[in-house]
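Observations on chain architecture
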Amino acid sequence: MKHRSAKLGVALVGLGKYSTNQLAPALQETVHCHLAGIVTGEPGKAEAWRDKYDIPQRNIYDYENFDTILDNPAIDIVYVVLPNSMHASFTIRAAKAKKHVICEKPMAITVDECNSMINACVENNVKLSIGYRLHFDPYHLEIMRLGQEDVLGTVINMKSEHGMKDPGGFRLNSVLAGGGPLMDLGIYCVQAAQYVTGRAPISVWAQEGPKTKPEKFLGMEQSIQWIMEFPNDIRADCRASYDEDLDSFRAETQRGWFELQPAFEYGGLIGKSSAGKIVFTPVNQQAKQMDDFALAIRENRPTPVPGEMGRRDVEILQAIYTSMKSGQRVLL
Ligand code: NDP
């Protein structure tokens, strides 16, 4: 049993761009958890990280011996930062090793996988959260408040776009990614529309964008636009693309509007509303997110970004793809 004041140990699984550039640096700022271990398929990375972050050799794993992490009391939390199609198996293995789990977005490729992940965590009595960092950012907490508390009147409609030019790596492999820009970037629009209204959508309607580079975007959309319909005729018009840099959220309300642009970055968010500028001191989103999960474990309270939320979003993403293929509106 750890001393109550001891920081919980986090092991990052998959030392790609997000682990390297965001999560490991954030874990140098966290107050309630720290970088205790790593899981990687690259011996060269293991060595470099061991030296850079002073990680004991006994806390370094590869994908084969990962399950022996069960015997390591220095690791409390496993953070799965692998390509999307690997999220389910590593979350389940981590749960069986009795570790609490943070799994990156999108939670998995299918709703069935999400259910298995949630069940594995329940059966092994560990907590599960999704890497939804924006729930810990003051700009996003503010648009949640403006929307959910009808501060400028009820939200009438929303528009949100997220795109990136020239993605690479696993994102261009439809098997590893489970789809295209919708899975990777559109999920932020799906999230925002829900946390601004405090509601889940009742239907979706989607259309694939023009495919000018079929050789590059094999088995996935190059861009996609979709509508999410909420109760009371509230709707969100959204777009995700791998061919354009897009990053915005805007809500029209009965008495005004509010927006973030850029909306989904790690920092540098700019907020405005019909009542004036939205200004907050920026935070390290990832540090806040991981600290909150560590506290949720310590205080044995729910996380605001649980597996059930990840599953709901995967269900919506899958419905959007079903609609894109059929051309029909899909009820949720
Ligand atoms: P990268 O491609 O940069 O890294 C993925 C890492 O996974 C690799 O470096 C590798 O680590 C490991 N890996 C294991 N098997 C494979 C395989 N077959 N192919 C490729 N990589 C493999 O991806 P990102 O770091 O950008 O993304 C990882 C996850 O994090 C994704 O789910 C993504 O959606 C999510 N993400 C979330 C963000 C957020 O803001 N919440 C931002 C960016 C990403 P190693 O060499 O150590 O074995």
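Higher on the page you've got the structure.
First, a word on scope: everything that follows refers to the structure included in this document.

Cut-offs applied
- Residues numbered from 1 in each chain as written.
- Predicted model: local features only at pLDDT ≥ 70, side-chain atom pairs only at ≥ 80, totals over all residues.
- Heavy atoms only, no water.
- Pairing = 2+ DSSP bridges.
- Helix = DSSP H or I, 4+ residues; strand = E, 2+ residues; numbered from the N terminus.
- Contact = heavy atoms within 4.5 Å.
- Axes fitted to C-alpha atoms, helices over the stretch in contact; angles between N-to-C directions.
- Near = heavy atom within 4 Å.
- Polar contact = N/O pair within 3.5 Å; in protein donor to acceptor, adjacent residues only side chain to side chain.
- Nonpolar A, V, L, I, M, F, W, Y, C, P; charged D, E, K, R; others polar.
- Expected span 1.5 Å × (residues − 1).

With that settled, consider the sheet that holds strand 9 (residues 223–229). Spatial strand order, 14-13-12-11-7-10-9-8-15: nine strands in an open sheet with mixed pairing. Strand pairing shows two members of the sheet lacking a second neighbour, strand 14 (276–278) and strand 15 (330–331), which therefore form its edges. Where strand 7 (residues 155–163) meets strand 11 (residues 246–253), eight bridges bridge the pair, whose relative direction is antiparallel. In the sheet register, His162 faces strand 11, and the bridge partner there is Asp247. Across the sheet, helix 7 (residues 181–197) touches strand 7, strand 9, strand 10 (235–241), strand 11 and strand 12 (256–260), and the angle it forms with strand 7 is around 160°. Its contacts with the sheet place helix 9 (residues 307–326) against strand 8 (203–208), strand 9 and strand 15, and it is angled at close to 55° to strand 8.

This paragraph deals with the site of the ligand. Around the ligand lies a shell of 26 residues, among which Thr40, Lys45, Tyr63, Asn84 and Arg133 are the nearest. In this structure, an oxygen atom belonging to the ligand sits 2.8 Å away from a main-chain N or O atom of Lys105. Take Arg171: an N or O atom from its side chain is 3.0 Å from an oxygen atom of the ligand. Its residues assigned to classes, the shell around the ligand shows 11 nonpolar, seven polar and eight charged.

Now for helix 9. A turn of α-helix holds 3.6 residues, and therefore any two residues three or four places apart point the same way. Here helix 9 spans 29 Å end to end across 20 residues, near enough to the 28 Å set by a 1.5 Å rise per residue. Packed against the buried residues of helix 9 are helix 4 (111–123), strand 6 (128–130), helix 7, strand 8, strand 9 and strand 15.

Once that is clear, we can look at the side chain of Glu259. Along the polypeptide, Glu259 turns up in strand 12. Among the polar contacts made by the side chain of Glu259, one reaches the side chain of Arg250 at a distance of 2.9 Å. Once you skip the residues sitting within four places of it in the chain, Glu259 turns out to touch Phe249, Arg250, Ile270, Gly271, Lys272 and Ile278.

Let us look at the sheet that holds strand 3 (residues 60–61). If you trace the six strands from one edge of the open sheet to the other, you get 3-2-1-4-5-6, paired in parallel fashion. Edge positions in the sheet fall to strand 3 and strand 6, since each of these pairs with one other strand and no more. Pairing between strand 1 (residues 8–13) and strand 2 (residues 33–39): six bridges, direction parallel. Residue pairing in the sheet places Val13 in a bridge with Val39 of strand 2.

Below, the discussion takes up the environment of Ile92. Its place among the elements puts Ile92 in helix 3 (residues 87–96). Spatially, the C-alpha atoms of Ile92 and Ala120 are 5.7 Å apart, while their sequence positions differ by 28 residues. Contacts of Ile92, omitting those with residues within four sequence positions, involve Ser116, Met117 and Ala120.

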